Amino acid sequence: MKRIGIIVGSLRENSFNRMIANTIPELVDSAKYEYISIGNLPLYNADLDRGEELDAVVHFREAIQRSDGIIIVSPEYNSGIPGVLKNALDWASTPTKTSVLIHKPVGVVGATPGAKGTILSQQQIRQTLDATQCYVLPSQKMYISQVMDKIDSDSRKLTDETTRKYLHRYIQSFIQWIDQVQRLSEQ
Ligand SMILES: Cc1cc2nc3c(=O)[nH]c(=O)nc-3n(C[C@H](O)[C@H](O)[C@H](O)COP(=O)(O)O)c2cc1C
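Computed from a predicted model, the values in this text were never measured in an experiment.

Q: Just to check I follow, could you spell out the overall build of the chain for this structure?
A: Secondary structure assignment for the chain yields five helices and eight strands. For the chain, the α and β elements follow one another from N to C terminus as β-α-β-α-β-α-β-α-β-β-β-β-α. For 187 residues, the compact-globule formula gives about 16 Å, and the C-alpha radius of gyration of the chain, at 16 Å, lands near that figure. With the C-alpha coordinates of the chain rotated into their principal frame, the extents come out at 45 × 40 × 25 Å. A separation threshold of at least 6 residues defines the contact pool for the chain, and within that pool the share at least 24 residues apart is 79%. For the chain, the accessible area works out to roughly 9600 Å², and carbon and sulfur atoms hold 46% of it.

Q: Teacher, can you tell me more about the nonpolar core here?
A: Core analysis: the biggest nonpolar cluster contains 29 residues, and Ile4, Ile20, Val109, Leu167 and Ile171 have the highest contact counts within it. Looking at which element gives the most residues to this core, the answer is helix α5 (residues 161-186), with eight residues. Other than its neighbours up to four places away in sequence, Ile4 contacts Ala31, Lys32, Tyr33, Glu34, Ser67, Gly69, Ile71, Phe174, Ile175 and Ile178. Formed by 25 residues, the second largest nonpolar core is a distinct cluster that contains Ile38, Ala56, Ile81 and Leu89.

Q: Looking at this model, I keep getting lost on unusual backbone geometry. Mind explaining?
A: Note on backbone geometry: most residues besides glycine have negative phi, and most peptide bonds are trans. Going from Thr94 to Pro95, the amide bond is cis rather than trans, its omega being -10 degrees. Notably, Ser79 is not glycine yet its phi reads approximately 65 degrees, a positive angle. Relative to the helices and strands, Ser79 resides in the loop between β3 (69-73) and α3 (83-92). With a phi angle near 65 degrees, His103 is a residue other than glycine that sits in the positive phi range. Along the chain, His103 turns up in the loop between α3 and β4 (105-111). What makes His103 partly exposed here is its relative accessible area of 41%.

Q: Mind showing me how you'd approach the site of the ligand here?
A: Around the ligand, a shell composed of Ser10, Arg12, Ser15, Phe16, Asn17, Pro75, Glu76, Tyr77, Asn78, Ser79, Thr112 and Pro113 is seen. One of the side-chain N or O atoms of Arg12 is found 2.7 Å from an oxygen atom in the ligand. The separation between a nitrogen atom of the ligand and a polar side-chain atom of Glu76 is 2.9 Å. Within the complex, the protein chains bury 68% of what would otherwise be the 620 Å² of accessible surface of the ligand. For the shell around the ligand, the class distribution of residues is four nonpolar, six polar and two charged.

Q: Hey, could you run me through the pattern of salt bridges in this one?
A: For side chains bearing opposite charge, pairing can occur when the charged atoms are close. This model, assessed by the stated rule, comprises eight salt bridges. Of the charged contacts, one joins Glu26 and Lys157 as a salt bridge, the two residues approaching to 3.3 Å between their closest N and O atoms. One end of the pair, Glu26, is in helix α1 (residues 16-27); the other, Lys157, is in strand β8 (residues 157-158), with 131 residues separating them in the sequence. A relative accessible area of 42% places Glu26 in the partly exposed class. Several salt bridges converge on common partners, so that one network encompasses Arg3, Glu34 and Arg66.

Q: Looking at this structure, I do not really get empty space enclosed by the protein. What am I missing?
A: Empty pockets left among the atoms are what a rolling probe the size of a water molecule brings to light. The tally for this structure, following the rule as stated, stands at one cavity of 30 Å³ or more. Each pocket or cavity is described by its volume, and for the largest cavity that value is around 30 Å³. Forming the boundary of the largest cavity are Ile7, Ile64, Ile70, Ile72, Leu89, Leu101, Val106 and Leu129.

Q: Explain a nonpolar patch on the surface to me, please; I cannot follow it from the model alone.
A: A grouping of Ile119, Leu120 and Tyr143 is seen on the molecular surface, where their side chains present a nonpolar patch of about 230 Å² in accessible area. For Leu120, the position within the fold is in helix α4 (residues 119-131).

Q: Where do I start with the packing of helix α2 (residues 55-65) against α3 in this structure?
A: The N-to-C vectors of α2 and α3 enclose an angle of 80 degrees; their axes lie 10 Å apart at closest approach. By the angle between their directions, the pair α2 and α3 is classed as roughly perpendicular. Of the residues in α3, those touching α2 at Val57, Phe60, Arg61 and Ile64 are Ala88, Trp91 and Ala92.

Criteria and cut-off values
- Position labels on residues start from 1 in each chain and follow its written sequence.
- At least 70 in pLDDT is required for a residue's local features to be given in this predicted model, at least 80 for side-chain atom pairs to be given and counted, and no such filter applies to totals for whole chains, interfaces and linings, which use all residues.
- Calculated side-chain values reflect all of the structure's heavy atoms, with hydrogen atoms and water omitted.
- The way it works is that DSSP assigns letters per residue, a run of H or I at least four long becomes a helix, a run of E at least two long becomes a strand, and they are numbered from the N terminus.
- Radius of gyration means the value over C-alpha atoms here, while the globule rule gives 2.2 Å times the residue count to the 0.38 power.
- Residues are treated as being in contact if the distance between any of their heavy atoms lies within 4.5 Å.
- Per-residue accessibility takes into account occlusion by the displayed protein chains alone, with areas from the Shrake-Rupley method and a 1.4 Å probe.
- Buried Ala, Val, Leu, Ile, Met, Phe, Trp, Tyr and Cys residues that are joined via side-chain atoms within 4.5 Å together make up what is termed a nonpolar core.
- When a residue's accessible area, from a 1.4 Å probe over protein chains only, is under 20% of the maximum for its type it is buried; when over 50% it is exposed; and in between it is partly exposed.
- Residues are counted as near a molecule or strand when any one of their heavy atoms sits within 4 Å of it.
- Here a polar contact means two N or O atoms within 3.5 Å. Within protein one must be a hydrogen donor candidate and the other an acceptor candidate, and residues neighboring in sequence count only if both atoms are side-chain atoms.
- Ten residue types, Ala, Val, Leu, Ile, Met, Phe, Trp, Tyr, Cys and Pro, are classed as nonpolar, four, Asp, Glu, Lys and Arg, as charged, and the remainder, Gly among them, as polar.
- Throughout this description, the term salt bridge denotes a Lys or Arg side-chain nitrogen within 4 Å of a carboxyl oxygen of Asp or Glu.
- A pocket here means an open set of points on a 1 Å grid, computed over the protein atoms alone, that has protein on both sides within 12 Å along at least five of seven lines. A cavity is instead a set of points where a 1.4 Å probe fits but cannot get out; residues with an atom within 4 Å of a point line either one.
- Grid points are joined across faces, edges and corners, and a volume is the space filled by probe spheres set on the points.
- Two distance rules govern patches: like charges are joined within 9 Å, and nonpolar side chains (Val, Leu, Ile, Met, Phe, Trp, Tyr) within 5 Å, applied only to residues with over 30% relative accessible area and no salt bridge.
- Under this scheme, a helix contributes an axis fitted over its contacting stretch, all axes are lines through C-alpha atoms, and angles between N-to-C directions fall in the 0 to 180 degree range.
- Under this scheme an angle from 65 to 115 degrees is roughly perpendicular, one under 35 degrees roughly parallel, and one over 145 degrees roughly antiparallel; angles in between are oblique.

Given below as structure tokens:
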């Protein structure tokens, strides 16, 4: 069974993106999931990144390392990537030559109460990921707009049937993408 790490780009307790992330395991139960926290990472500082890393950084990198693929579920802040997520990706991106992101399959999902589904945030996330040499699932995009109408506030899960169907398809494609990347690496 594949192991998928899920990183949520919001630290908010009632985060819609976390609710979307929490729905993924019930949509596709053919993989194992691990939620990788980013809220305890320090602000990136190269002076702290000299080989004697802090526990939070070591645990974060190890969680990515043991995942066959990573799915990022993130909001958009001011038309771009939330600072906490950028900070986490910067920590994951070093040491540059041996980073845990090199050749890692990555998927990107985003939800917003707004109308545009985190398009601009996802552009910046992809730009950052491109610099890390990971393999982002190409062509398919998973933008969730008006998210407050698509979740159930009691179960705190995604309940909109159409969006569940699209997210299911996205996760299935991502699992196939992990296989494709593994085949590429073996060549
Ligand atoms: C500082 C800030 C900037 C935001 N900028 C955007 C934005 O550019 N586009 C957007 O769709 N939503 C924006 N929002 C609204 C967020 O999409 C909304 O707060 C969302 O619920 C955050 O995700 P979460 O529920 O997972 O925490 C912004 C929110 C904050 C706090």
